[in-house]
Amino acid sequence: MSSHIYIYIQEGIDKCNEMREWMKTPSGKALVSSLSRHFHTDSYSDRQNLTTLFNKYVDKTNVFSWNSVIADLARSGDSVEALRAFDSMRKLSLSPNRSTFPCTIKACSSLLDLFSGKQTHQQAIVFGYQSDVFVSSALIDMYFKCGEIRDARILFDEIPLRNIVSWTSMITGYVQNGNALGAISLFKEFLTDEKEGCADDALSVDSVAMVSTISACSRVIAKGLTESVHGFVIKRGFDEDASVGNTLLDVYAKGGEGGVVVAKKVFDEMAEKDNISYNSIIKVFAQNGLSSEAFEAFRKMVMDSDASFNSITLSTVLLAVSHSGTLRHGKSIHDQVIKTGLEDDVIVGTAIIDMYCKCGRVETARKAFDLMKVKNVRSWTALIAGYGMHGRASEALDVFYRMINAGVKPNYITFVSVLAACSHAGLLDEGSLWFNTMKDKFGVEPGLEHYGCMVDLLGRAGHLQKAWELIETMKMRPDSVIWSSLLGACRTHKNVELAEISANHLFELDPKNCGYYMLLSHIYADAGRWKDVERVRILMKDRGLVKPPGFSLIELKGEIHVFLVGDQEHPQSEGIYKFLKEMDRKLQEAGYVSNTASVCHDVDEEEKEMALRVHSEKLAVAFGIMNTVPGEMIHVIKNLRVCSDCHNVVKLISRIVDRQFVVRDSKRFHHFKDGFCSCGDYW
């Protein structure tokens, strides 16, 4: 609402004294409310009509008229004008009543205007409403929103008779200000008061209070706390409330793998599911790598549910596609985006870029990027990261320079993507340049991820000592990513001494991660230190660690085919092994020599070669060739890093059969064509 409206108010409408009494009736009040809801219009003709109506019917000396205006302005978010209306009313020497203060205080809260809030508090005291439960609840909310926790608590303690609104304001305020323990403690105190009936009316917990209390549970380390509150929810019948169910779902989802199972159970048992419910469970599945479950939840939402999906739904399910790499699903979701007219939504558009990049289609991602009408820093960063993970560092840097020239300021994640791209391509000078200037030029302080990229970049380039020195200069404690980057470089460049130092740090930081033990074992094997290899094996056995199975998957005609090492369970296993045997002959003719250096030392060379021959990615590649037409690209996803022998084999196969292969491993993408890989054998 514009300030000139109050000129109309100040002019008054004293002509209709006979209407003043009528204004107190329900019909009169309804008219005032109806008029006030339209005051925010900017149309000149509407203003003229409203002015006529206002001058004809509304009494400026009537407190209720002012309350209606203030309330409507506060509800519509026009908080500045709401405070001006309150000020205008006071200048007319009108006394506010208990209905005036809550909306005025709400306007102060929305603006985070502590000064005006305290002034209004003083006015409430002057007119004797400081103990009114609705006024005090609004003040509590205002003080919390302004960060004045102590003032909120003092005010709460002074309320003689509290109702559910005041209790909920306190519990919610504690949660919003990061004091989850205080919220839980207050909820327990509330239950005691509820039991004893210490209130001016029936005091009973409601869904709003439950939502705030459940939210606090995820931030307090106390075994069984969430389950206990969940039991209370069921006992009181709040499990049928969608907002309570959604909050429970979110809290359990943050509890790790076990929490996902319970979150799904909560979702399945919810009587009422809205779009927030579906968005939440899809996000839970997507973030935990359960792509099939995410797609199924989305399918039910679209086909069987009254809930309507939106940009958040689509971006979340696209995240699931990104994790799984299932291009068919990604294209299907992209079609849904186009059908619903959301292709211009910057969040969805960015998710589409990320999806195509992680499904091995970076060129399609670039087309989607170029078609976006509005791009933000995340959109640019997604494309930079995509080019980087595909080993196309020059394109990544080109997009980065275009981003800067477009006036978009790079953020923390942007520089992680730039440095990662440089690392994958061995661009030491460019990576060092941006690492050393990111703070001075763009105000981005280097963090763990940036140091991790630089250690990886230096290590891959063979500068192990410089990588070690960089770690020692860090202001923060190095994490497992940094030490594992150095450990990986130590294997490449055969530095056993630094490898042992890195491994010891990793065993301390992440003692249950089997990969670090295996990597150190390989480093010892490469150096011929078989006693140390055996020592690491014994250490793993003593700690109950088992190497996770390597697997590769390939999508064919909408069906996912998974292959394990030495897999013979697939229906086409016999044909696959026959194909590999024939392919092995052609590889030998092309000059292939198996790399058996780090295969277990206690078997003979023939067994070592056999072990390499049945690696999961080779089985997946063979299956792909057998079941696709010549010229069709074959896309394989592997859960571990591709081994050097398989890397060499797929390169040669791409030349022998004249096919293109895209292999996505745990680190990056490899594009094989005509006997070469996009990584340049630098990975």
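Turning our eyes to something else, we now look at the packing of aromatic side chains. Enumeration over the complete set of coordinates arrives at 21 aromatic pairs. Considering the side-chain rings of Phe-415 and Trp-434, the 6.4 Å spacing of their centres and the 45 degrees angle between planes classify their relative orientation as tilted. Pair noted here: Phe-415 is in helix H25 (residues 412-425) and Trp-434 is in helix H26 (residues 428-442), with a separation of 19 residues, a long-range link. In this pair, the class of Phe-415 matches that of Trp-434, namely buried. A network of ring pairs unites the aromatic residues Phe-156, Trp-167, Phe-187, Phe-190 and Phe-232 as a single cluster. Taking the ring centre of Phe-267 as reference, the NZ or CZ of Lys-273 above it sits at 5.2 Å. Between Lys-375 and the ring centre of Phe-369, over which it is positioned, the NZ or CZ distance is 5.0 Å.

Turning our eyes to something else, we now look at the pattern of salt bridges. Taken as a whole and judged by the stated rule, the model has 30 salt bridges. Note that Asp-141 is salt-bridged to Lys-145, the shortest N-O span being 2.7 Å. In this pair, Asp-141 and Lys-145 both sit in helix H9 (residues 133-145), four residues apart, roughly one turn of the helix. Residue classification places Asp-141 among the partly exposed positions, given a relative accessible area of 24%. The residue Arg-491 makes a salt bridge to Asp-526 at a minimum N-O spacing of 3.1 Å. On the criterion of sequence distance, the pair formed by Arg-491 in helix H29 (residues 480-492) and Asp-526 in helix H31 (residues 514-526) is long-range, its members being 35 residues apart. Each of the salt bridges in this network shares a partner with another, and the network as a whole consists of Arg-153, Asp-157, Arg-162 and Glu-189.

Right, let's talk about a negative patch on the surface for a bit. A surface patch of like charges, here negative, comprises Asp-239, Glu-240, Glu-272 and Asp-306. Topologically, Glu-272 is positioned in the loop between helix H16 (257-269) and helix H17 (275-287). Glu-272 sits in the exposed class, given a relative accessible area of 52%.

Now for H29. Three- or four-residue spacings in an α-helix give side chains the same orientation, since the helix completes a turn every 3.6 residues. Taking 1.5 Å of rise per residue, the 13 residues of H29 would be expected to cover 18 Å, and the 18 Å separating its terminal C-alpha atoms lies within 8% of that figure. Among all positions of H29, only Ile-482, Trp-483, Ser-484, Ser-485, Leu-486, Leu-487, Ala-489 and Cys-490 are buried. The secondary structure elements touched by the buried residues of H29 are helix H27 (448-460), helix H28 (464-473), helix H30 (496-509) and H31. Taken from the residues just after H29, Lys-494 is the one with a positive phi, measuring 55 degrees.

Moving on, we come to the sheet that holds strand S1 (residues 551-556). With mixed pairing, the six strands of this open sheet are ordered in space as S2-S1-S3-S4-S5-S6. Single-partner strands in this sheet number two, and they are strand S2 (559-564) and strand S6 (676-677).

Our next topic: the confidence of the model for the chain. Chain-level statistics for the chain give a pLDDT mean of 85 and a share of 87% at 70 or above. Predicted confidence is poor over residues 25-32, with pLDDT under 50, and the contacts of this stretch with residues over four places away or in other chains come to 13 contacts. In the predicted structure, residues 34-55 sits below a pLDDT of 50 and forms 30 contacts with residues beyond four places in sequence or in another chain.

Counting residues in each nonpolar core, the largest one holds 159 residues, and the members touching the most others are Met-210, Ile-353 and Leu-486. The greatest single-element share of this core, amounting to eight residues, is contributed by H31. For Leu-486, the residues in contact, after removing those within four places along its chain, are Val-455, Leu-464, Ala-467, Trp-468, Ile-471 and Ser-502. Met-583, Tyr-592, Leu-619 and Cys-679 belong to the second-largest nonpolar core, a separate cluster that totals 28 residues.

All right, on to the packing of helix H22 (residues 362-371) against helix H23 (residues 377-389) then. Their axes nearest at 10 Å, the elements H22 and H23 cross at an angle of 165 degrees. Relative to H23, the element H22 is oriented roughly antiparallel. The interaxial crossing formed by H22 with H23 has left-handed handedness. For the pair H22 and H23, the contacting residues are Val-362, Ala-365, Arg-366 and Phe-369 in the first and Ser-379, Trp-380, Leu-383, Gly-386 and Tyr-387 in the second.

Turning next to unusual backbone geometry. For residues other than glycine, phi is negative in most cases, and the peptide bonds are mostly trans. The backbone phi angle of Lys-494 is positive, close to 55 degrees, even though this residue is not glycine. On the secondary structure map, Lys-494 appears in the loop between H29 and H30. With a phi close to 55 degrees, Asp-674 is a non-glycine residue in the positive phi region.

Looking at the element boundaries, Asp-567 is found in the loop between S2 and helix H33 (573-589). When residues no more than four places from it in sequence are discounted, the contact partners of Asp-567 are Val-562, Ser-573, Tyr-577 and Leu-619.

Once that is clear, we can look at a nonpolar patch on the surface. On the surface, a nonpolar cluster with roughly 220 Å² of combined accessible area is contributed by Ile-560, Val-562 and Leu-564. Along the chain, the position of Ile-560 falls in strand S2. Owing to a relative accessible area of 37%, Ile-560 belongs among the partly exposed residues under this scheme.

Mapped onto the elements, Ser-485 comes out in helix H29. When near neighbours in sequence (up to four residues on either side) are disregarded, Ser-485 contacts Gly-452, Val-455 and Asp-456.

Before going further, it helps to examine the layout of surface pockets. For the second largest pocket, the calculated volume is near 630 Å³. Mapped by element, the contributors of at least two residues to the lining of the second largest pocket are helix H19 (311-324), helix H21 (346-358), H23 and H25. Considering each element in turn, the lining of the second largest pocket owes the most residues, six residues, to H21. A breakdown of the residues in the lining of the second largest pocket according to their chemical character gives nine nonpolar, eight polar and four charged.

Criteria and thresholds
- Residues numbered from 1 in each chain as written.
- Predicted model: local features only at pLDDT ≥ 70, side-chain atom pairs only at ≥ 80, totals over all residues.
- Heavy atoms only, no water.
- Phe/Tyr/Trp six-rings, centres within 6.5 Å; stacked < 30°, edge-to-face > 60°.
- Helix = DSSP H or I, 4+ residues; strand = E, 2+ residues; numbered from the N terminus.
- Buried < 20%, exposed > 50% of the residue type's maximum accessible area, 1.4 Å probe, protein only.
- Lys NZ or Arg CZ within 6 Å of the ring centre and 35° of its normal.
- Salt bridge = Lys/Arg side-chain N within 4 Å of Asp/Glu carboxyl O.
- Patch = residues over 30% accessible without salt bridge, like charges linked within 9 Å, V, L, I, M, F, W, Y side chains within 5 Å.
- Areas by Shrake-Rupley, 256 points an atom, 1.4 Å probe, with all protein chains shown as cover.
- Lys, Arg positive; Asp, Glu negative; His and termini not counted.
- Charge placed at Lys NZ, Arg CZ, Asp CG, Glu CD.
- Expected span 1.5 Å × (residues − 1).
- Contact = heavy atoms within 4.5 Å.
- Pairing = 2+ DSSP bridges.
- pLDDT = per-residue confidence, 0-100.
- Core = buried A, V, L, I, M, F, W, Y, C linked by side-chain atoms within 4.5 Å.
- Axes fitted to C-alpha atoms, helices over the stretch in contact; angles between N-to-C directions.
- Parallel < 35°, antiparallel > 145°, perpendicular 65-115°, else oblique.
- Left-handed = near helix turned anticlockwise from the far one by under 90°.
- 1 Å grid on protein atoms, 1.4 Å probe; cavity = no way out; pocket = protein on both sides within 12 Å on 5 of 7 lines; lining within 4 Å.
- Points joined across faces, edges and corners; volume = space filled by probe spheres on them.
- Nonpolar A, V, L, I, M, F, W, Y, C, P; charged D, E, K, R; others polar.

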